[in-house]
Amino acid sequence: MHRNPIAITAALTLGLLLLTTLPLGAASGEFGVYLPLVVKAAPTTTPWPTAAPTATPTATVTPTATTTPTATVTTQPTVTTQPTATPTLPPASFNGCRQDPSSGAAPGYPVRITAINKFAETVTLMNVSASAVTLDGWHMCSITGNQEHSPIGGTLAPGASRTFGHTGDNIWNNLDQDDGALYTDAGQLVSYWVDR
């Protein structure tokens, strides 16, 4: 049996499609399905009316007067510092490097003991005054051993520090407390260092 192909033509449309069945041949008894071809013209668009352009307002800057600040002079009160009183040195009390009964009265001025390294046998002194200090003839004592650390001498500028080594046998006690005392050439106690 010979069949004719079915031709289907479709169109997209918003309208209604009608389905029609027609015989393909009277003698064959065959039927075919045909779809009508509906052709619809493309829609035409009517352009929307465009509005005439309108002017956009722009801001106009109007300068305004500004005031310029003027400098104001303010005076600060003058601070006057009272001179620091120079500590008074105690009376002479040097007793050959034995314990000084007035060790708590040492002013730590004009020179202060800042360090004692008992193992290295060194003493560091600092000038805490505003003037140069000459250390010639001063006495640096190891109190426990009643021994003098030497040599101590030369001039220390204001704020300067210097470390003095000891020449000779060891004098600082490395196992027990051994305080240090510094005396002027006139025998006045100026600094006392507590060994901790």
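Predicted, not measured: the structure shown is a model, and the values here were computed from it.

J.: Can you help me understand the pattern of salt bridges in this one?
T.: Two side chains of opposite charge can pair, provided their charged atoms sit close to one another. If you walk through the whole model with that rule in mind, you get 1 salt bridge. Across the pair K118 and D195 runs a salt bridge whose closest N-O atoms are separated by 2.7 Å. Here the residue K118 occupies a position in the loop between β3 (111–117) and β4 (122–127), and D195 occupies one in the segment after β11 (189–193), the gap between them amounting to 77 residues. D195 carries the same exposure label as K118, and that label is buried.

J.: How should I be thinking about the packing of aromatic side chains in this particular structure?
T.: One pair of aromatic rings is described through two measures. These are the centre distance and the angle between the planes. Within the structure shown, the criterion is met by 1 aromatic pair. Relative to Y183, the ring of F94 lies with its centre 5.1 Å away and its plane at 65°, an arrangement referred to as edge-to-face. A residue pair is termed long-range when its members are at least 10 positions apart, and F94 in the loop between β2 (30–34) and β3 and Y183 in strand β10 (residues 180–183) qualify at 89 residues. The exposure class of F94 is partly exposed, given its relative accessible area of 30%.

J.: When you look at the nonpolar core in this model, what are you seeing that I'm missing?
T.: If you look at soluble globular proteins, the nonpolar side chains tend to sit buried side by side. Core analysis: the biggest nonpolar cluster contains 17 residues, and V111, I113, L125, L135, W138, M140 and L182 have the highest contact counts within it. When contributions to this core are tallied by element, the ones reaching two or more residues are β3, β4 and β11. The greatest single-element share of this core, amounting to 3 residues, is contributed by β3. If near-sequence neighbours (up to four positions away) are discounted, L182 is found in contact with V111, I113, L125, W138, H139, M140, Q188, L189, V190 and S191. Counting residues in each nonpolar core, the second largest holds 7 residues, with C97, C141, L189 and Y192 among its members.

J.: Explanation requested: the environment of E148 in the structure shown.
T.: With respect to the secondary-structure elements, E148 resides in strand β7 (residues 147–149). Between the C-alpha atoms of E148 and I171, which are 23 residues apart in sequence, the distance is 7.7 Å. Engagement of the side chain of E148 in a polar contact is seen with the side chain of H139, the distance being 2.8 Å.

J.: Just to check I follow, could you spell out the sheet that holds β10 for this structure?
T.: Sheet strands pair by backbone hydrogen bonding; their relative direction is either parallel or antiparallel. A sheet is described by the order of its strands in space; here 4 strands give the open sequence β7-β6-β10-β11, paired in antiparallel fashion. Each of the sheet's edge strands pairs with one partner strand only, and the pair in question is β7 and β11. Strand-to-strand twist of the sheet, defined as the mean angle between neighbouring strand axes without regard to direction, takes the value 30°.

J.: Is there a simple way to think about the pairing of β10 in this case?
T.: Both faces of β10 are covered, namely the face carrying G180 and L182 and the face carrying A181 and Y183. When strand β6 (residues 139–142) meets β10, the two strands line up antiparallel, connected through 4 bridges. Pairing of M140 across the sheet is with L182, part of β10. With antiparallel pairing between neighbouring strands as the criterion, β10 and β11 make up a hairpin whose turn holds 5 residues, including G187 at a positive phi of roughly 90°.

J.: How should I be thinking about the sheet that holds β3 in this particular structure?
T.: Spatially, 3 strands are ordered β3-β4-β9 in an open sheet, and the strand pairing comes out antiparallel. Pairing within the sheet leaves two strands with one partner each, and these edge strands are β3 and β9 (161–165). Adjacent strand axes in the sheet meet at a mean angle of 25° when their direction is disregarded. Alignment of β4 against β9, held across 5 bridges, turns out to be antiparallel. If you follow T122 over to β9, its bridge partner there is G165.

What counts and what doesn't
- Residues numbered from 1 in each chain as written.
- Predicted model: local features only at pLDDT ≥ 70, side-chain atom pairs only at ≥ 80, totals over all residues.
- Heavy atoms only, no water.
- Salt bridge = Lys/Arg side-chain N within 4 Å of Asp/Glu carboxyl O.
- Helix = DSSP H or I, 4+ residues; strand = E, 2+ residues; numbered from the N terminus.
- Buried < 20%, exposed > 50% of the residue type's maximum accessible area, 1.4 Å probe, protein only.
- Phe/Tyr/Trp six-rings, centres within 6.5 Å; stacked < 30°, edge-to-face > 60°.
- Core = buried A, V, L, I, M, F, W, Y, C linked by side-chain atoms within 4.5 Å.
- Contact = heavy atoms within 4.5 Å.
- Polar contact = N/O pair within 3.5 Å; in protein donor to acceptor, adjacent residues only side chain to side chain.
- Pairing = 2+ DSSP bridges.
- Axes fitted to C-alpha atoms, helices over the stretch in contact; angles between N-to-C directions.

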